[in-house]
Amino acid sequence: MILVVWFQTEIMAQNVFELNQGQSMLMTGKGPGQDATINPFQGEDCFAVIENLGQELISARIQKNGKLIVIIPVASNKTEKIKLLANQELYLDPETQKTAKAKMSYEKIIAKEH
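Residues numbered from 1 in each chain as written. Predicted model: local features only at pLDDT ≥ 70, side-chain atom pairs only at ≥ 80, totals over all residues. Heavy atoms only, no water.

1. Considerations on unusual backbone geometry
Then, number 1: With phi around 55 degrees, Asn 65 is a residue other than glycine that occupies positive phi space.
Then, number 2: Following the sequence through the fold, Asn 65 ends up in the loop between β4 (58-64) and β5 (67-74).
Then, number 3: You will see that Asn 77, though not glycine, has its phi angle at about 60 degrees, which is positive.
Then, number 4: The residue Asn 77 is located in the loop between β5 and β6 (79-84) in this model.
Then, number 5: Its relative accessible area of 49% is what places Asn 77 among the partly exposed residues. (Helix = DSSP H or I, 4+ residues; strand = E, 2+ residues; numbered from the N terminus. Buried < 20%, exposed > 50% of the residue type's maximum accessible area, 1.4 Å probe, protein only.)

2. As for the nonpolar core
Then, number 1: In terms of nonpolar packing, the biggest core is built from 20 residues, with Phe 17, Met 27, Ile 50, Leu 90, Leu 92 and Met 104 touching the most fellow members.
Then, number 2: Within the residue set of this core, elements represented by two or more residues are β1 (11-19), β2 (25-28), β3 (46-52), β4, β6, β7 (89-94) and β8 (100-108).
Then, number 3: If you tally residues by element for this core, the top one is β8, at four residues.
Then, number 4: The residues contacting Phe 17, other than those within four sequence positions of it, are Met 25, Met 27, Leu 92, Ala 100, Lys 101, Ala 102 and Met 104. (Core = buried A, V, L, I, M, F, W, Y, C linked by side-chain atoms within 4.5 Å. Contact = heavy atoms within 4.5 Å.)

Spatial relationships are all this shows, so hold off on functional conclusions.
This is the structure we're talking about:
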């Protein structure tokens, strides 16, 4: 008897980085050369997974065409999974003047069949 087990992971393009005193960083949404991370799902809806690795509060700011849509706080040592629609921009902002550390990844949205 042969048992075949197949796992597929949809988490891609992980990045760990630091945000310095008051620095706002564009994660994805404007394209190559402008984004701090590579979103393998650029141009389609996906999940942005933000893990706050530091002790400082950070915020995920979502905009479209420069207009603010929502700000989501990401507490120290917590992870937020945010639905990011195609053509939206995602920024990370530290909420204090101290250095913050975060990890970014993206996940494909998989439609469930009923």
